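Commentary on secondary and tertiary structure
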There are 2 protein chains.
Amino acid sequence: MADGRRLLADKTPFPADLEERMRRQFTFLVEVDQLKSILRQSPLVSAERRENDAEHSWHLAMMVLLLAEYSDEPIDIGHTVQLVLIHDLIEIYAGDTPLYDSAAGVDQREREVEAADELFALLPEDQALRVRALWDEFEERRTPEARFAKAMDRLQPLLLNWMAREGTWKTPGVTADDVRARKALIGDASSVLWEAGRQLIDEGERRGWSGSGGPA
Amino acid sequence: MADGRRLLADKTPFPADLEERMRRQFTFLVEVDQLKSILRQSPLVSAERRENDAEHSWHLAMMVLLLAEYSDEPIDIGHTVQLVLIHDLIEIYAGDTPLYDSAAGVDQREREVEAADELFALLPEDQALRVRALWDEFEERRTPEARFAKAMDRLQPLLLNWMAREGTWKTPGVTADDVRARKALIGDASSVLWEAGRQLIDEGERRGWSGSGGPA
């Protein structure tokens, strides 16, 4: 996978006298500009287009700032924010895997681990380890912060779908029960937010915004 | 200014039984979706379009995570990240004021304070005060965290302009000295990053990527 990938920073190499550690950091920071070009399924509220991963990550961070009080366990806001900021970076090389696409989900973990290995290796080693540790923490959901970060990752598109009066809830073959099942892990972090999320899904179902989206 | 503004959340009102405090938080979180639609002058590296404020805010947060070690004074990463996440929210109502547009700069502060008053008032009062305190801290630059956050706000477009081999450096009437003057406050937070920033500006000038952009 690493063979022959051209880095964005190679388009305009940094001056030769830039110090090596900083060059690696700048190279990584330029490479992750691509997060702005990875489209998700969710529709924006403010414009007629789909959301990209950078916008999504920023939005999750805002949610952490404002909804942390609903976590069932105390969480460190600054740390949780870091988890959501980096959680989708691996999609730069692995691509976005839609929540309701079970076929793409089959080798998702393998593709994402490969992507993490390659992308984080651009950083100085100590920082590569730190970012990898954050990503592993998010994926494993063993800390209250990681559970809350993941809950935001499920709740945010739910808000966007509500606003769009269907959005990805109308994915062919997806029922309101499927939506509830995929979103249930909000409840692992916050019983209050999961109750609110369920209110939106239930009311959306009553209004015909989910389910009966046609054949899968 | 507040008279008759239609909120985004009014497009699809939340269910009537959603608890009031959470309703205000969700309303705010939907309203700030507009940050994704506010275009800046800076060109992306990864696509042929301009960057929006949400993408920019996310990118600054990544820079804080990875470049905090260069701060001349110790900083709290989690807190600095919160400053950059919220620093442009007021542009949702005040609009973006380009760095090299002195005419728009005249009443910028007034417009932005009005915007902050209106936007943050959507939140529960305790959170409105907290977000306002973060924004004031960023604007006043009296803490090491705020100085570093502001430095990232100056350094990030510099990286994008470097990659674009001119970008906003070619704004009509703007010289390389203007660029250096506008970017100098990077040095208030980090002498090392300001040295690197100056290397990029100086080398850009040598290559003809800044200045002589025609009449103002």
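Structure: see above.
Calculation notes
Residues numbered from 1 in each chain as written. Chains lettered and ligands numbered in written order. Predicted model: local features only at pLDDT ≥ 70, side-chain atom pairs only at ≥ 80, totals over all residues. Heavy atoms only, no water. Helix = DSSP H or I, 4+ residues; strand = E, 2+ residues; numbered from the N terminus. Rg over C-alpha atoms; globule rule 2.2 N^0.38 Å. Buried < 20%, exposed > 50% of the residue type's maximum accessible area, 1.4 Å probe, protein only. Contact = heavy atoms within 4.5 Å. Areas by Shrake-Rupley, 256 points an atom, 1.4 Å probe, with all protein chains shown as cover. Expected span 1.5 Å × (residues − 1). Least-squares fit on C-alpha atoms with pLDDT ≥ 70 in both. Buried area = accessible area lost by both parts, 1.4 Å probe. Salt bridge = Lys/Arg side-chain N within 4 Å of Asp/Glu carboxyl O. Pairing = 2+ DSSP bridges. Phe/Tyr/Trp six-rings, centres within 6.5 Å; stacked < 30°, edge-to-face > 60°. Axes fitted to C-alpha atoms, helices over the stretch in contact; angles between N-to-C directions. Parallel < 35°, antiparallel > 145°, perpendicular 65-115°, else oblique. Left-handed = near helix turned anticlockwise from the far one by under 90°.

This brings us to the overall build of chain A. Scanning chain A for helices and strands turns up 10 helices and two strands. Along its sequence from the N terminus, chain A presents helices and strands in the succession α-β-β-α-α-α-α-α-α-α-α-α. A compact globule built from 216 residues would reach a C-alpha radius of gyration of about 17 Å, and chain A, at 19 Å, matches this within 12%. In terms of principal-axis extent, the alpha carbons of chain A reach across some 65 × 40 × 35 Å. The buried share of chain A, taken over its 216 residues, is 56%. Partitioning the contacts of chain A with sequence separation of at least 6, the portion at a separation of at least 24 is 68%. For chain A, the accessible area works out to roughly 8,500 Å², and carbon and sulfur atoms hold 48% of it.

The next thing to look at is helix α10 (residues 191-206) of chain A. With 16 residues, α10(A) ought to run about 22 Å at 1.5 Å a step, and its terminal C-alpha atoms sit 22 Å apart, in line with that. Every buried residue of α10(A) is listed here: Leu193(A), Trp194(A), Ala196(A), Gly197(A), Gln199(A), Leu200(A), Ile201(A), Glu203(A) and Gly204(A). Packing partners of the buried residues in α10(A) comprise α2 (53-67), α8 (144-164) and α9 (176-183) of chain A together with α1 (20-31) of chain B. At the C-terminal side of α10(A), Gly208(A) shows a positive phi close to 80 degrees.

This part takes up the relation of the copies chain A and chain B. Expressed as a screw operation, the relation of chain A to chain B combines 0.0 Å of axial shift with a rotation of 180 degrees, fitting to an RMSD of 0.0 Å. Accordingly, the operation relating the two chain copies is best matched by a two-fold axis. Proximity to the rotation axis, assessed at the C-alpha, singles out Gly78(A) in chain A; its C-alpha lies 1.9 Å from the axis. A symmetric contact is evident, with 100% of the interface residues of chain A recurring at the interface of chain B.

Moving on, we get to unusual backbone geometry. All names here are of chain A. One non-glycine residue, Arg-141, lies in positive phi territory at about 55 degrees. Relative to the helices and strands, Arg-141 resides in the loop between α7 (125-140) and α8. Note on Arg-141: relative accessible area 27%, which makes it partly exposed.

With 69 residues of chain A at the interface, the matching set in chain B holds 69 residues. The junction of chain A with chain B conceals about 5,800 Å² of combined surface from both sides, 67% of it contributed by carbon and sulfur atoms. Counting the contacts that link chain A with chain B gives four salt bridges. The residue Arg21(A) makes a salt bridge to Glu69(B) at a minimum N-O spacing of 2.6 Å.

We now examine the pattern of salt bridges. Applying the stated rule across the entire model yields 42 salt bridges over all chains. A salt bridge links Lys36(A) to Asp33(A); the nearest nitrogen and oxygen atoms lie 2.7 Å apart. Judged by its relative accessible area of 1%, Lys36(A) falls in the buried class. Salt-bridge contacts for Asp107(B) lead to Arg111(B); the nearest nitrogen and oxygen are separated by 3.0 Å. Judged by its relative accessible area of 23%, Arg111(B) is partly exposed.

Before going further, it helps to spend a moment on the environment of Glu31(A). Residue and element names in this part refer to chain A. Tracing the backbone through its elements, the reader meets Glu-31 in helix α1 (residues 20-31). Take Glu-31: its relative accessible area is 1%, and that puts it in the buried class. Between the C-alpha atoms of Glu-31 and Leu-119, which are 88 residues apart in sequence, the distance is 8.6 Å. Among all residues touching Glu-31, those that are not within four sequence positions of it are Arg-5, Leu-7, Leu-8, Ala-9, Ile-92, Tyr-93, Leu-119 and Leu-122.

All names here are of chain A. Bridge analysis of strand β1 (residues 39-43) against strand β2 (residues 50-52) gives two bridges, and the strand direction is antiparallel. If you follow Pro-43 over to β2, its bridge partner there is Arg-50. The hairpin formed by β1 and β2 contains six residues between the paired strands.

Residues and elements named next belong to chain B. Across all of its chains, the model carries four aromatic pairs over all chains by this definition. Ring plane angle 65 degrees and centroid distance 5.8 Å describe the contact between Phe-14 and Phe-26, whose orientation is recorded as edge-to-face. Residue Phe-14 is found in the segment before α1, and its partner Phe-26 is found in helix α1; the two are separated by 12 residues along the sequence. Residue class for Phe-26 comes out buried when judged on its relative accessible area of 0%. Both rings, one in Trp-162 and one in Trp-209, keep their centres 5.1 Å apart while their planes meet at 65 degrees; by these two values the pair is edge-to-face. Of the two residues, Trp-162 is situated in helix α8 (residues 144-164) and Trp-209 in the segment after α10 (191-206); the sequence distance between them amounts to 47 residues.

A few words on the packing of α2(A) against α1(B). Close contact between α2(A) and α1(B) brings their axes to 11 Å; oriented N to C, the two are set at 160 degrees. Of the possible angle classes, the one that applies to α2(A) and α1(B) is roughly antiparallel. Seen from above, α2(A) lies across α1(B) with right-handed handedness. For the pair α2(A) and α1(B), contact is made by His59(A), Met62(A), Met63(A), Leu66(A) and Leu67(A) and by Gln25(B), Phe26(B), Phe28(B) and Leu29(B), respectively.

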